[in-house]
Amino acid sequence: MTDFAPISDNIIRPIPGNIADPTPFLQFRATKTLHTTWGPQRLDVSFELPRGSVLAIYGPSGAGKTTLLRILSGLTPAASGYIEVNGEVWLDTARRINLPTRRRSIGFVFQDFALFPHFTVRQQLEYALDKSTDRSVIPELLALMELEALQHLRPALLSGGQQQRVALARAIARRPRLLLLDEPLSALDDDMRHKLQEYLLKIHRQYGLTTLLVSHHLPEVLRLSDKVMVLEKGTVTREGAPLGLFFAPFSPLL
Amino acid sequence: MIDWQPLWLSLRLAAITTTILLLLAIPLGYWLAYSRQRWTIAAEAIISLPMVLPPTVLGFYLLLAFSPSQGFGRWLDHHFNIRLAFTFPGLVIASLIYSLPFTVNPIVAGFRTLPADWRNASRTLGKSDWNTLVRILLPNIRASLITGAVLSFAHTIGEFGVVMMIGGSIPGQTRVASIALYDEVQSMNNRTANRYALVLLAFSFIILLLVYGINQQAAKSKTML
């Protein structure tokens, strides 16, 4: 292991956890000025993540959670930053490297799902595939997400929970390395939420994903994540395993 | 009976203009809708100028530009042996400028009503901007495309002032329906003039019915989403 990651300075605080591989799967460091309703605010976040983990980014709205996901996916530019995933550099502002979104191996589930209204469920998944990709993933995903009966319907005819499943299936159809979820369950009622959390976990395990989940819903964070990062006013205020973080005797989060 | 040639000429001018405008207005509208550069505002204002200018002003400047005795017109004449003043190709160019806002503005508005996350989602699915435009954006602004095309077609048919200035009234070349109507009135042939007028009136009415019909249809399919 000679080519250790270029980040060795102490800005990076590794999240305590089961780090078997010494080079982290994901390295992230970024700064940006956010324009919030309370005026400009600086986002300054860095973290590392081992392969296969589920990181929950928790915090009040306006803390920069969504911006963080967007910087990671290349949809929003960072003022400065460095992103490396599985040894591949996606962003290095110092070296003027910035991989465009379409070449980053991500699956993104948007808060409002962003399904295309003119495509059927099946077409949404087909659109996600490259011409060279194996089509067999489509029936597999339709079965896994229990969407087979709905595959020829357009999104307008689906319920919120069904749309959410389609968005999730579409996001992982390309077999991305990273799955990014932006408050994906916030539009759903508790019953539906619970069921979809199961789908999420199923998919995460089956496809060996590394997942980042933005949420301000505590039960969801506890159920899904193995690590939590609390983001407040643009900076990480606490991080660690969910139980330790939220149920420590004097946790200020409670 | 009326001479059908001016009507036929009007239709031909409108069809050619609309076809070129659609090809032009899609990339232009895309740029105006999504570019974050400041001077897109200036570009939008310039494109919309023909909507508020007296057509004679536009016609006057085009006449100056096309004049084979100076500047651009002379350059065209010398190097390519092309004359635009009082010719059909000149009318096409004038119509393109004159009707441009009627095609571009609905398309820009169409792009702007689409949720920004559709483009983002398409990018995260590994698609290029071109792919996104053709497969996601354009199918969802179909109503705007049709409205833009129909309006520019109708507007070109209704053109008068600009044609008067740069086209004159050469039969088969630049004597379009609106000009023919004017000529008939000038020579006191009110009966023929009335026929031209009726055809143009009926045509314009049908076009507008079509546009409003399309918009209503689009509104309906939106509420379904």
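These numbers were taken from a predicted model, which means no experiment stands behind them. Numbering of residues starts from 1 in each chain and follows the order in which that chain's sequence is written. By the order in which they are written, chains take letters starting at A while ligands take numbers starting at 1. Predicted model: local features are reported for residues with pLDDT of at least 70 only, side-chain atom pairs are reported and counted for 80 or more only, and whole-chain, interface and lining totals are derived from all residues. To get the side-chain values, take all heavy atoms of the structure and skip hydrogens and water.

## Description of the overall build of chain B
Within chain B one finds 11 helices and 0 strands. Strands here mean DSSP runs of E at least two residues long; helices mean DSSP runs of H or I at least four residues long; both are numbered from the N terminus. If you list the helices and strands of chain B from N to C, you get α-α-α-α-α-α-α-α-α-α-α. Overall, the C-alpha framework of chain B stretches about 65 × 45 × 25 Å when taken along its three principal axes. Burial status follows relative accessibility: with a 1.4 Å probe on protein chains alone, a residue under 20% of its type maximum counts as buried, one over 50% as exposed, and anything between as partly exposed. Split into buried and exposed, the 225 residues of chain B put 44% on the buried side. The contacts of chain B with a sequence gap of at least 6 include a subset with a gap of at least 24, amounting to 73%. For chain B, the exposed area adds up to about 12000 Å²; of that, 67% sits on carbon and sulfur atoms. By definition, residues are in contact when any of their heavy atoms lie within 4.5 Å. For accessible areas, the Shrake-Rupley method is used with a probe of radius 1.4 Å. Any residue's cover is judged against the shown protein chains and nothing else.

## Structural notes on the domain arrangement of chain A
All names here are of chain A. Along its sequence, chain A is organised into domain 1 (26-105 + 176-244) and domain 2 (117-170). The C-alpha centroid of domain 2 is placed 24 Å from the C-alpha centroid of domain 1. Between domain 1 and domain 2, the residue contacts involve 13 residues of the former and 10 residues of the latter. Buried area: the sum, over both parts, of the accessible surface (1.4 Å probe) that disappears when the two are put together. Note on domain 1 versus domain 2: buried area summed over both sides is about 1100 Å², and carbon and sulfur give 69% of it. Its largest share of buried area at the contact with domain 2, domain 1 owes to Tyr199, Ile203 and Tyr207, together 47% of the area lost on that side. Salt bridge, as used here, is a side-chain nitrogen of Lys or Arg placed within 4 Å of a carboxyl oxygen of Asp or Glu. The tally of links from domain 1 across to domain 2 stands at 0 salt bridges. Counted as a polar contact is a pair of N or O atoms within 3.5 Å, where, for protein atoms, one must be capable of donating a hydrogen and the other of accepting one, and residues adjacent in sequence contribute only when both atoms are in side chains. Counting the contacts that link domain 1 with domain 2 gives 4 residue pairs in polar contact (both at pLDDT 80 or more). All domain edges in this entry derive from an automatic or database-based domain assignment.

## Observations regarding the layout of surface pockets
Taken as a whole, the second largest pocket holds about 420 Å³ of empty space. Method remark: on a 1 Å grid restricted to protein atoms, a set of points is classed as a cavity if a 1.4 Å probe fits but cannot get out and as a pocket if it is open with protein on both sides within 12 Å along at least five of seven lines; lining residues have an atom within 4 Å of a point. Along its surface, the second largest pocket is lined by 16 residues, and A:Leu75, B:Arg36, B:Arg119, B:Asn120 and B:Arg123 are the ones closest to its centre. Of all the secondary structure elements, the ones that give two or more residues to the lining of the second largest pocket are helix H1 (5-34) and helix H6 (116-124) of chain B. When residues in the lining of the second largest pocket are grouped by element, the largest group, 4 residues, is from H6(B). All amino acids are sorted into three groups, where Ala, Val, Leu, Ile, Met, Phe, Trp, Tyr, Cys and Pro are nonpolar, Asp, Glu, Lys and Arg are charged, and the leftover types, Gly among them, are polar. Class assignment for the residues of the lining of the second largest pocket results in 7 nonpolar, 4 polar and 5 charged. Grid points are joined across faces, edges and corners, and a volume is the space filled by probe spheres set on the points.

## Quick word on the pairing of strand S4 (residues 80-85) of chain A
Residue and element names in this part refer to chain A. In terms of residue burial, S4 counts as a mostly covered element, since 5 of its 6 residues are buried. In terms of strand pairing, strand S1 (residues 26-36) meets S4 through 6 bridges, oriented antiparallel. Bridge assignment links threonine 31 to a residue of S4, and that residue is serine 80. Of the pairings in the sheet, the one linking S4 to strand S5 (residues 88-92) comprises 4 bridges and is antiparallel in character. Here a strand pair is declared whenever DSSP counts at least two bridges between the two strands.

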